[in-house]
Amino acid sequence: MFTEITDYIQRNKSDLTHVWMDRMKDEADEKFIQVVSDQIFTKTSHEFVEMIASNLRDSKEFTSRLEDFAEKVVRFGWPLTFVTSALSTFAKVVYEAMREDKLITDKNHAEQVEIFDKWVTPMYNKVISAYTESWERTVSLQKIALQELSAPLIPVFEKISVMPLVGTIDTERARLIMENLLNGVVKHRAEVVLIDITGVPVVDTMVAHHIIQAADAVRLVGAKCMLVGIRPEIAQTIVNLGIDLNQFSTNSTLRKGIEKALEMTDRKIVSAEGSE
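Residues numbered from 1 in each chain as written. Predicted model: local features only at pLDDT ≥ 70, side-chain atom pairs only at ≥ 80, totals over all residues. Heavy atoms only, no water.

*Asks:* How would you summarise the pattern of salt bridges if you had to cite specific residues and measurements?
*Replies:* The final tally for this structure, using the stated rule, is 12 salt bridges. Of the charged contacts, one joins Glu61 and Arg65 as a salt bridge, the two residues approaching to 3.1 Å between their closest N and O atoms. Of this pair, Glu61 and Arg65 both sit in helix 5 (residues 59–76), four residues apart, which is roughly one turn of that helix. Residue Glu61 is classed as partly exposed on the basis of its relative accessible area of 26%. Of the charged contacts in the structure, one is a salt bridge between Glu259 and Arg255, with a shortest N-O distance of 3.7 Å. (Salt bridge = Lys/Arg side-chain N within 4 Å of Asp/Glu carboxyl O. Helix = DSSP H or I, 4+ residues; strand = E, 2+ residues; numbered from the N terminus. Buried < 20%, exposed > 50% of the residue type's maximum accessible area, 1.4 Å probe, protein only.)

*Asks:* Help me get a handle on a negative patch on the surface, residues and values and all.
*Replies:* A cluster of like negative charges, contributed by Glu67, Asp68, Glu71, Glu133 and Glu136, occupies part of the molecular surface. Elements with a contribution of two residues or more to the negative patch: helix 5 and helix 7 (109–150). The biggest single contributor to the negative patch is helix 5, with three residues. By the secondary structure assignment, Glu67 is in helix 5. (Patch = residues over 30% accessible without salt bridge, like charges linked within 9 Å, V, L, I, M, F, W, Y side chains within 5 Å. Areas by Shrake-Rupley, 256 points an atom, 1.4 Å probe, with all protein chains shown as cover. Lys, Arg positive; Asp, Glu negative; His and termini not counted. Charge placed at Lys NZ, Arg CZ, Asp CG, Glu CD.)

Structure follows, in structure tokens:
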């Protein structure tokens, strides 16, 4: 069914690709074009055309090329609208070229439109599906990576670890904080854990509740918890909300907290002999 289209694309691949690239550059958002180098755009465009052509030859080859292409364009940050527009535009370019070369005439026009539709529509659906799967997989991996970075427990001295928190704390992140704290205390054999909230913009009743729960859990595994990085506005908010933080130590800065943690583990910072 697609033999004529396949042969035509193979014979005129270079010309069709250049016409298609020019149209896509004209239609694409200016910001998108600016972040994509000409070299990458040209290379990826040729890969796109090869992928489309493979759909006319071999479905297995097309599936393999499509998976690789979808992963690549998601990594580049190409929006799905651009990819689907690229597909429909290429089909138009091929159709117009075949009509100009008299391969599509008024006599066979209806038949050719039906053939093009049977070629493009299933491919269109497959491209959307592959892009969506690749996007969801990428987002899932990024979410896991961000979760690992959102509540790290860092050993700074023997028996002393710090958990710097940045950004908003919701229920899901609070659960992660709890898990990382407990696992980190055991792994690093920490006796004192400092939770640094310098980068937390708002401390409300819910955030304080999560921190108190984390501190209680740390105590149950034999370590002490200290809250540091309490800015004046945060302190005022805590007082106004009537939040009770008396069950664990607090300090205004991480430095003061580390000095206190050293004292709690029978150590202190001293000046080296001869230093100013």
